[in-house]
Amino acid sequence: MFSDIYFRLLLEVMDKDPNIQHTPGKSNKDTEDSAVTSVKYYGQLITSAYQQDPNSNIGLVFGQHMSPINGCDFSRLLTTARDVGQCFDLLVKQYHTLNLKLFPIMHRNKQTVSISICFPYQGESNEDEIRFCNETFFSYCLNSLRSLIDERMNPLRVHLNCPKPQYAQQLEALFRCPIIYNAPISMIEFNEAILDRELPSWNQSLHEVYLSKAQESWQDMKRLQSFRYRASTILITQAPNAFNSEYLSESLSISNRGLQKRLSAEGSSFSQISQRVRTELAKVCLFQRQLSLEDTAIALGFQTQASFRRFFKHQFKVGPKEFIRISRGGAV
């Protein structure tokens, strides 16, 4: 489902930026499937851009090109949905099939609906990659809504888990709403009523075609994804049950011993991927879902409050109450 369209557009953006003097070429030695190769090359282009210009606004510029008309089959799947609610739901459920680093999570209540961005997959994402993902992903969401429904549509708030950049005025002009920088998690919020808005591009027949194509592509992609990527996806989508190694093994149709061997072969372990996913979900529970500490501990599969607090302090260097206090001091 991830298409060469995206790195071709990224190359166009980089070529027009005077601060970016060269772009890496695709390796001829890479014999992997073209979809996996495209994802790798896409990541190399992003890294190269920020190495040449650490203050680059490339994520924002690239994001402004991201709209349904420029998208691949995944984008068409979303835009042929019945309404915004179904579109958001598909975005969350199907995004991991693209084999990218981020994972979107949706939460709704009586007043708002929010989509946050998590990074549950092993291998630390640096600040530049996170900034690029923030700007591109949220730009795509907003561009799609404005082009399909109403150009005047604005979010209620945008939270970005990165410092305020030099080009902050461009972000403010795009989002047209309050932006909170240095937030604990990146998140965009809309009025809950948006979920019932019908999409004028809704086409049930085409939607079923693209949904079938998505499922077929996922079956092909699964065998190409790293084992830890697949395991981490199950952890974040089936928490807290999946934080039991036997449950995870069964979900992956493998023995518990086989699970440990497969993860070890990729330089990982059940404990490592569990910690990574729990760290991301802790921020989702506390800041997006606004759960209490007790409910957060349960949602993350901890047996006691004490074990949750120890885990939290180890991961964030401060206790959960102190982390919440510090995070709420993020600058607007």
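About the cut-offs
- Residue positions within a chain follow its written sequence, with the count starting from 1.
- Whole-chain, interface and lining totals are the exception, using all residues; otherwise, since this is a predicted model, local features are given only for residues with pLDDT of at least 70 and side-chain atom pairs are given and counted only at 80 or more.
- Heavy atoms from the whole structure form the basis of all side-chain values; hydrogens and water molecules are not counted.
- Between any two strands, pairing holds if DSSP finds at least two bridges.
- Where helices and strands are cited, they refer to DSSP runs of H or I of at least four residues and of E of at least two residues respectively, numbered from the N terminus.
- Here an angle of 0 to 180 degrees is reported between the N-to-C directions of two axes, which are lines fitted to C-alpha atoms, with helices fitted over the stretch in contact.
- Throughout, the term roughly parallel applies to angles under 35 degrees, roughly antiparallel to angles over 145, roughly perpendicular to angles from 65 to 115, and oblique to all others.
- Handedness of each helix crossing follows the sense of rotation of the near helix against the far helix: counterclockwise by less than a right angle gives left-handed, clockwise gives right-handed.
- By definition in these notes, contact holds between two residues if any of their heavy atoms fall within 4.5 Å.
- When two cysteine sulfur atoms lie within 2.5 Å, the pair is treated as a disulfide.
- A 1.4 Å probe that fits into a set of points on a 1 Å grid over the protein atoms alone but cannot get out defines a cavity; an open set with protein on both sides within 12 Å along at least five of seven lines defines a pocket, and lining residues are those with an atom within 4 Å of a point.
- Grid points are joined across faces, edges and corners, and a volume is the space filled by probe spheres set on the points.
- Gly is placed with the polar residues, together with every amino acid not listed as nonpolar (Ala, Val, Leu, Ile, Met, Phe, Trp, Tyr, Cys and Pro) or charged (Asp, Glu, Lys and Arg).
- The classification of residues rests on relative accessible area computed with a 1.4 Å probe and restricted to protein chains. Under 20% of the type maximum is buried, over 50% is exposed, and intermediate values are partly exposed.
- By this rule the span expected of a helix is its residue count minus one, scaled by 1.5 Å.
- Between the rings of Phe, Tyr and Trp (Trp by its six-membered ring), a pair exists once the centres lie within 6.5 Å; its type follows the angle of the planes, with under 30 degrees stacked, over 60 edge-to-face, and the other angles tilted.
- In our convention, an over-ring charge means Lys NZ or Arg CZ found within 6 Å of a ring centre and within 35 degrees of that ring's normal.

Student: Just to check I follow, could you spell out the sheet that holds strand β4 (residues 179–181) for this structure?
Tutor: Hydrogen bonds between backbone groups are what pair the strands of a sheet, and the pairing can be parallel or antiparallel. The strand order β1-β2-β5-β3-β4 describes an open sheet built from five strands, whose pairing is mixed. Only two strands of the sheet have a single neighbouring strand rather than two, namely β1 (103–108) and β4. With strand direction ignored, the average angle separating the axes of adjacent strands in the sheet is 15°. Pairing of β1 with strand β2 (residues 112–118) involves six bridges; the strand directions are antiparallel. Across the sheet, residue F103 finds its bridge partner in β2, namely C118.

Student: Even after reading the chapter, I still don't get the packing of helix α9 (residues 227–237) against helix α12 (residues 270–288), so can you show me in this structure?
Tutor: When two helices pack together, you describe them by how their axes are tilted relative to each other and by the distance separating the axes. Viewed as axis vectors pointing N to C, α9 and α12 meet at an angle of 45°, and their least axial separation amounts to 10 Å. Taken together, the axes of α9 and α12 lie oblique to each other. Handedness of the α9/α12 crossing: right-handed. In contact with R228, A231, S232, L235 and I236 of α9, α12 contributes F270, I273, S274, V277 and L281.

Student: In this structure, what is going on with the state of the cysteines? I would like to understand it.
Tutor: Working definition of a disulfide: a covalent bond connecting the sulfur atoms of two cysteines. Considering all chains together, one arrives at zero disulfides under this definition. Left unpaired, C118 is separated from the closest cysteine sulfur, that of C285, by 9.5 Å.

Student: Whenever I open this one, empty space enclosed by the protein confuses me. Can you help?
Tutor: Here the idea is plain: a probe the size of a water molecule rolls over the atoms and shows the empty space left. Going through the model one piece at a time under the given rule, you end up with one cavity of 30 Å³ or more. Quantified by volume, the largest cavity comes out at close to 110 Å³. L78, T79, C87, F88, L91, Y140, C141, S144, L145, L148 and L199 together form the lining of the largest cavity. Of all elements in the fold, only α4 (73–79), α5 (84–94) and α6 (127–148) reach the threshold of two or more residues within the lining of the largest cavity. Looking at which element gives the most residues to the lining of the largest cavity, the answer is α6, with five residues. For the lining of the largest cavity, a count of residues per class yields nine nonpolar, two polar and no charged.

Student: Is there a simple way to explain the packing of α12 against helix α14 (residues 305–316) in this structure?
Tutor: Close contact between α12 and α14 brings their axes to 11 Å; oriented N to C, the two are set at 100°. Taken together, the axis directions place α12 and α14 in an arrangement best described as roughly perpendicular. On α14, the residues touching Q275, R278, T279, A282, K283 and L286 of α12 are F311, F312, Q315 and F316. Looking at the contact of α12 with α14 residue by residue, the class counts come to five nonpolar, three polar and two charged.

Student: Sorry if this is basic, but what is going on with the pairing of strand β5 (residues 186–191) here?
Tutor: Residues in a regular strand project their side chains so that they alternate between the two faces of the sheet. With five of six residues buried, β5 lies mostly within the body of the structure. As defined by bridge partners, β2 adjoins β5 across six bridges and the pair is classed as antiparallel. Counted as the bridge partner of V113 is F190 from β5. The pairing of strand β3 (residues 157–160) with β5 spans three bridges and is classified as antiparallel. Paired with R157 across the bridge in β5 is E189.

Student: Looking at this structure, I do not really get α12. What am I missing?
Tutor: An α-helix turns once every 3.6 residues. As a result, residues three or four positions apart point the same way. Between its terminal C-alpha atoms α12 stretches 26 Å, which fits the 27 Å expected from 19 residues at 1.5 Å a residue. With its phi angle positive at about 60°, Q290 sits one or two positions after the end of α12.

Student: Looking at this structure, how should I read the packing of aromatic side chains?
Tutor: Where two aromatic rings form a pair, the distance of their centres and the angle of their planes describe that pair. Inspection of the entire model under this criterion finds 15 aromatic pairs. For the pair F316 and F323, a centre-to-centre distance of 4.6 Å together with 50° between the ring planes defines the contact as tilted. The pair F316 / F323 is uniform in exposure class, with both members buried. Ring-pair connections join several aromatic residues into one group, and the members of that group are F287, F302, F308, F311, F312, F316 and F323. A cation over a ring is seen here: R278 above F243, with NZ or CZ 4.4 Å from the ring centre.

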